[in-house]
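# Survey of secondary and tertiary structure
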Amino acid sequence: MILRLKFTTFKRSVVTLLLLGLCSLAPSAQQVKRLVIIKVDGLPGYYVDQFVRQRDRDTGKSVLPWIDEVFYKNGTRIPNFYTRGMSLSGPSWGELDTGQHLQIKGNVEFDRYTLHAYDYLSILPFYFGYGLNKVVDMPGVEVLDEIKLPLLCDAFTYDQRYTSPQLYQRGFDWAQWGSGAIAMFPKDKNDLIDEWTLGFNFRRMTIEQNERDIVGKLVKRPDIDYYDYYDPSFDHVSHHNNDPESRLVALKELDRTIGRIWTADQQSSRAGETAIVLVSDHGFNSSPKVYSQGFNLVKLLGSAEGGGHHVITKRRLLLDYALKSMYPFIDLIRTGSNDSFYLQGQAGEYPTALVDFDGNERSSIHLRNADLNILHILLQQLQQKDVKGQLREAAADACVAVVERNRSQWQQTRDQMTEELAALHRWIDRMRPEIARLSMKKTDTVPSYVADNNRRLREQVERAVATEKDERAYLATLEALLALKRVDIINSKFKIDDLIAKDAMGDENTVGQLQDYVVGPTPGGLVLDATGQLDAGKSFRRVNYFQLLIDQRVRNNIQPGVSNRPIDFVATRVPLAKLKGTLPAEMMPDSDAVWIYGGPQKQVLILSRSGTNGEEEYLYLPVENLRESGGKLTFETRKIGEGFPLHYFEDAALNVAGDRTAWFDAWHTETEWMHAIHKAIYSNGIIGLTEQLDQHPFGDSGLTGDEALIQRFRQRQRRLTEADLLILASDHWNFDVRGFNPGGNHGSFFRASTNSTFMIAGGDATRIPRGLAITEPYDSLSFMPTLLRLMGRIDDHNDPTPEMYRMGYRRFPGKVVSEVFVP
Amino acid sequence: MRSIKHRSGLTRVGVCVITLVFAILQVEPIRLAAQDVTAADTPASTIAPKPALDGDAFRAETTPVAGGAEIVTIFSRRTGENETDLPLLSVLRDTLGDDILENDRLRYLWLHTYTRPTLTQKLSAMVPFLYTRTTNKDKVGSKPPPVVIDLHSAKGGGIWNTLFWAAFKRVLMDEVGFGVKATTLQYRQNKGDQRRVAVAAALSLLSVFHASTGERVLSDQELKDMQARLGLTDKVFGGHMQPENLGRMYDNDLAKTRDYRGHNWELLRQMAERQGLIFEPLEMPDGSARHAVLWVTEDDLATNKGKDFEARFLNIKDPWKDDKLARWNGYIETRWYDADDREVEPQTPGATKRTLIPLALYGLDHPKIPVILVDFRDNGNPKKREMSHRALSDVTNSVLALSSAGGLPYFFGRYVYDFVTHRRGMDVNQSSRLRSYAQLKLLLSLDESLDPEFRNEVAHRVESSTLNPLENDSDVEEHIARVQYKNLMDYAADSNGLPAKLRDDRRQEMVRFEHSTAAKTAFNVGHLLTLGMWTHREDDTPDMLAQMDVRRQLDYHERVVREIALRTAGPEIDTDVAKLKHSLVFLSASGDAAANKTARALGQIFAASSDEDLRSLCLAGLYKINSMTAKRELVAIYQNNKVPDHWRDTSAQYLKLAIEKGQRISKQDAKTVATITASN
């Protein structure tokens, strides 16, 4: 009996040891238990490298000695790390912080139906809102919460994490402000006088406090597992100044921060299991010999040539010169046009274009649905008594025709949204009594993070209430349009306001609508054709926006290397359904395509499909004369050659062995494309454009009832923020109209703008390789799964552990940086 | 190349040669950013850019001064026949006659165009509301130029000066009549402006010289310090700036100035583009564009006749409705442009010829907006704008006797007016364009690629835009510069001249070795009350000279240590360790009189360092500095149980030794030391 017992104990011990041994062989064997992430806005990898290699004349060391020491000598860096999608802070940080495909696609987004503006850079209103108990999180976090995408910091409990003010900021800590403000004023009187003379740098008040906090807590608070530090200084300087000296000052400041954090970590008890990470969201396109030149798209759209639009932006034009800009809480900035062809003086009610130009090398433009314009023009004409007889009949018929060709889509929208809003309403009703029971303020028994959670829930409900109200207002106009009768039109028994929603863009425009966009009536007004019907060709002014944009030229062509064409190309999505019948089977994609317009004969279709191993595949198809007419798409395919958008074929840095023509004729996996193009001028543009313009469904598939309806509504909301046109600036051009950004810009797919930074160094237990520069290219989607794998929180298939799954994390689509993992 | 009316063949050949040399040197293309300039972007026939840096623009020369000093002079090179290089600026470096760099001290800075006004000029400068020049200084005399700034005691328009003047105005000036008050204020303003122009000119010159690849008789740090000190002259507490912060001051100013420049460059380009005008930046020899010219083409005058014109930011009259331009008989240029509107060589196939009329010239290094410096149709335009701020101040101060401290209605009214004009970027009531004018004059004197006729046209118009009767015309200034330079050299060679002044200055510097703060304050008051006629000085005995040598070296090493303490996260990684050790060795040997801040800096370096030698030297330095703060730092190290024991023991030993030697230590720290002694 005793022997048997002993044997059983022995067996158990062996099994336990075996299990422990197996565990040690798992990826989590690299014992990263604590993360310190240094997030730097707009820090290009190539730029850091250039300065790390530059020697200081006095010391003989690198001018960025700490980056050299920590990441070059004692860590691993990924020089070919790229932004996936637009090189713009809002989307890029969103992708880095969630590890999922792009859901937020601009620093500013507009809801086409309600004109609700999502301003993800709205920091000052956030601070005020938080102070007034109105908001809890930055707008980006609110959106991600609604679509149930957790952030990296959410993987750690409130007590286990320290976060800095940033774009995706959850909650807020007044102590950081308070301590930062106090620390700005040196105790020594001579230092205080000097600081006063130098000018107190309020912009860095919290940034420097975050550094002090992290440096202190790394040693004193071993219970904290996650730190992030966010510094936008380099991005700020780089937009303004193109000289290396000014930028180096900002970089040296960052370098010292890295040094202090590293030193503090080395002195802490958890140095061995800590990983320090340097990451940036995008690069920067800048040259010391060139000023970046601005081109005013708002002015263009407001001009007669551009369609006479009343334009909405989220940033005030010439902000620094406007008295109104002193008030930072204005939701939408309206720039009325004196050249509007049918909406003179109605900028307050009927804007017809929305422009987001942040990042400045790109701009997203929404135009009001062209059919709404046609209806609006016709209804205005029909309100005039001198439109009579056959012309009146024809105009009414044209109105009815517009309604009929949209009827099925409008009905579907109305029906589905009515369902979705009802579900949302029921959720609101369910939540209200719960919220009433919750404490919104920190008390002795309610910690601040619990109060924040409670307020967060309350804000979600309040936002849902506002959303429901706004969306229902838009649906009411759809209802009215669907119920519109010809006889009422003839008899002028309608109010335009009831039929054409104010402050709404309606559904997105098709390619055909954008090529033949109706901007107003012709000077002669409505005209009948030979059959007595309205002659649409002669009755309406039209603009082909693709051609208009690409034809823009400037006169002052003064800088070598900067062309007189401010716009490089225009891109838009082409629905898969429209491609059916236009391509042979072997070219047929399985999702929407991206059409890039660089001129009538310089166009490309980017086709994508899921490959046999599940990896995305792309085909770069040169085309010309793509047109959509009567809902039918036509184009001619062209042989690959020089001059097509993205200019891969002629790029000297294209890494394709052998016959380039043959290579471009075939489908290639994302990995193959990345290897071929990442060092080209437009780097990973083909992948980035697809990421940017593709829709990425989110959420769980097994939901039922209200949960499923609300999830569908949230997906609809994301779709409604998608712009009609993505406009890319030529090299060293930008679309900033808020001010001037001569130093440089980003937002494009130029390698200078997409080459961002990812470096990692750790203690002995992390086993992160030292002195390793990885040549393999990676993009933003790789960041989060790599860190989580190092921490043992996801498996080899990028699936989260059960605990992480319960927190809301799902499989991560990105490729893990495998070189960091030591066998 | 442009075809320029009256352009000299010599200049054209010169530019071609420079272009050719530049092209040859560019064997390997420099990769700018993501994209290289493609052949398509820059057709072969396009006019090549001027070299960004022209190291040959300047020459520097060092002249020894008896008593252990030297004058460094920067010259503008002149390449024309019978031309000699033009002296621009000189600076005195007091070396104490040895090769030790640590005890060198930059003192006086002279700008050779800055001169004492004549009696007529002074009288003119006193006339209220006289905003124009009257005469030039024809006879320069034999005096050296006045000092623009003493870099060692850069008090600038310091707080005491400001307070004294405010009190004087308030107490005395209100009692006298309008005439005296207006005259005094007018003269003071003109005098101050004359110095501000000199400071701006010196600053511009040094920044261009600094960026050029020419000779380096001034070290990088000296050049930065000089620019920082000059930039501080207009700040209330500018003279107070501690040496260790001069680098930050320089960095801040550099970033700010370049921000203004780029911003205004782009603002002006966009506004010109929108109005259909031609924008042309003018580059300094260092490649920086600090000015720009707007042109209109003759063809556009006909095409756009009667078209709306938006003058905001441009601040010129509508060219499309200006009949004067249709009959223009002033300066014109003819240029050729290709199909992409890029300027090309004359008669390039397919190129279009355009005749250009200059409209205005702007300064770009100005806060908020590009400021118009020359209006080729209306000389009075920039002058009126420059006058607006001045006239408003003169009327309110001299005539209406209003001041911001005098009453709330005026205070608020003025505040709102200033705020609105500044915020909207209206070119009235803006900060003065003195700096831009000074830069323009520098450009005109340095840029030989400018068409001589155009340069003369601009120079003539600039002169007539100036408000200050104390200023001189550019053509006279060159003569003044040459004579004043010669006078300075004579002054330096005269044993009763600069060497004597140098000796007096050193004797004055020695006062701090002998006297307490209270005594020094009393000496200063005496100096003030005797209107500067009496100054207390020490005898320059060998012992005092030796003390000065050590003190200057100590100042140097204190600065090194403080700068490092401010920035380091670990000196072994981010610092020139040899330089730091050198300074620490000096402090530990001769640092008795080092300041408290230096002691704190040693404590910080000790904490940040893991190098045994550095730490050891920090403790030795803390022991050597005879101050309570230094001992407090040693006590703190001793009491810090995270510091390894051997360092704590060393601290304890130093503390005990300090007590034995009777060094200054607080009572509380002395008690702590006593405890150490007891426990040991």
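Predicted model, so just to flag it, every value in this text is computed and none were measured.

### Structural notes on the environment of Thr 355 of chain B
Residues and elements named next belong to chain B. Following the sequence through the fold, Thr 355 ends up in strand β10 (residues 352–363). Sequence separation of Thr 355 and Ser 153 is 202 residues, and the distance between their C-alpha atoms is 54 Å. Not counting chain neighbours up to four residues away, the residues in contact with Thr 355 comprise Thr 297, Glu 298, Ile 332 and Thr 334.

### Description of unusual backbone geometry
For residues besides glycine, phi is generally negative; the peptide bonds are generally trans as well. Residue Ser 683 of chain A is not a glycine yet carries a positive backbone phi of 35°. The residue Ser 683 of chain A is located in the loop between α23 (670–677) and α24 (685–693) in this model. The phi dihedral of Lys 368 of chain B is positive, around 75°, even though this residue is not glycine. As for its placement among the helices and strands, Lys 368 of chain B is situated in the loop between β10 and β11 (371–375).

### Looking at the packing of helix α4 (residues 178–211) of chain B against helix α5 (residues 220–231) of chain B
Residues and elements named next belong to chain B. Orientation of α4 relative to α5, taken along the N-to-C sense of each, is 155°, at an axis distance of 10 Å. Here α4 lies roughly antiparallel to α5, going by the angle between them. Our pair here, α4 against α5, has a crossing hand that is left-handed. For the pair α4 and α5, the contacting residues are Val 199, Ala 202, Leu 203, Leu 206, Ser 207 and His 210 in the first and Leu 223, Met 226, Gln 227, Leu 230 and Gly 231 in the second. Each residue belonging to the contact of α4 with α5 can be placed in one class, and the counts come to seven nonpolar, four polar and no charged.

### Some words on the sheet that holds strand β3 (residues 86–94) of chain B
All names here are of chain B. Strand order in the open sheet formed by five strands is β1-β2-β3-β4-β5, and the pairing between neighbours is antiparallel. Where the open sheet ends on each side, the last strands, each with one partner, are β1 (58–65) and β5 (147–150). With strand direction ignored, the average angle separating the axes of adjacent strands in the sheet is 20°. With eight bridges joining them, strand β2 (residues 69–76) and β3 adopt antiparallel strand pairing.

### A word on the sheet that holds strand β2 (residues 75–77) of chain A
Residue and element names in this part refer to chain A. One open sheet accounts for seven strands, arranged β6-β7-β1-β8-β24-β2-β25; its pairing is mixed. Strands with a single pairing partner mark the edges of an open sheet, and in this sheet they are β6 (161–162) and β25 (772–773). Sheet analysis places strand β8 (residues 274–280) next to strand β24 (residues 758–762), joined by five bridges and oriented antiparallel. Each bridged residue has a counterpart across the sheet, and for Ala 275 the counterpart in β24 is Gly 762. Contacts between helix α9 (residues 205–220) and the sheet are confined to β1 (34–40), β6 and β7 (226–231), with β7 contributing the most and set at about 155° to the helix.

### Comments concerning the interface of chain B and chain A
Counting from both sides, the interface comprises 51 residues of chain B and, opposite them, 51 residues of chain A. Secondary-structure elements contributing two or more residues to the side of chain B that touches chain A are α6 (246–275), β6 (278–283), α10 (408–423) and α18 (571–574) of chain B. By residue number, the principal contributor to the side of chain B that touches chain A is α6 of chain B, which donates 17 residues. Residue composition of the side of chain B that touches chain A, by class: 19 nonpolar, 13 polar and 19 charged.

### A short note on the confidence of the model for chain B
All names here are of chain B. Of all residues in chain B, 88% attain a pLDDT of 70 or more, and the chain-wide mean is 86. By mean pLDDT, helix α1 (residues 9–25) is the weakest element of chain B at 37, and helix α21 (residues 612–624) is the strongest at 98. The model gives residues 1–45 a pLDDT under 50, and that stretch makes 59 contacts with residues more than four places away or in other chains. This model gives residues 48–54 a pLDDT under 50, and the stretch forms 17 contacts once residues within four places in sequence are excluded.

### A closer look at helix α19 (residues 577–590) of chain B
All names here are of chain B. Look at α19: 19 Å from first C-alpha to last across 14 residues, which is about the 20 Å you get at 1.5 Å a residue. Restricting attention to buried positions, one finds in α19 the residues Leu 580, Ser 583, Leu 584, Phe 586 and Leu 587. Seen from one end, α19 has its buried residues packed into an arc of 160°, which puts them on one side. In α19, those exposed residues whose orientation departs by more than 90 degrees from the buried face are Ala 578 and Ala 589. Contacts made by the buried residues of α19 are with α17 (542–567), α18 and α21.

Cut-off values and rules
- Residues numbered from 1 in each chain as written.
- Chains lettered and ligands numbered in written order.
- Predicted model: local features only at pLDDT ≥ 70, side-chain atom pairs only at ≥ 80, totals over all residues.
- Helix = DSSP H or I, 4+ residues; strand = E, 2+ residues; numbered from the N terminus.
- Contact = placed C-beta atoms within 7 Å.
- Axes fitted to C-alpha atoms, helices over the stretch in contact; angles between N-to-C directions.
- Parallel < 35°, antiparallel > 145°, perpendicular 65-115°, else oblique.
- Left-handed = near helix turned anticlockwise from the far one by under 90°.
- Nonpolar A, V, L, I, M, F, W, Y, C, P; charged D, E, K, R; others polar.
- Pairing = 2+ DSSP bridges.
- pLDDT = per-residue confidence, 0-100.
- Expected span 1.5 Å × (residues − 1).
- Buried ≥ 20, exposed ≤ 12 C-beta atoms within 10 Å, placed from the backbone.
- Arc of directions from axis to C-beta.

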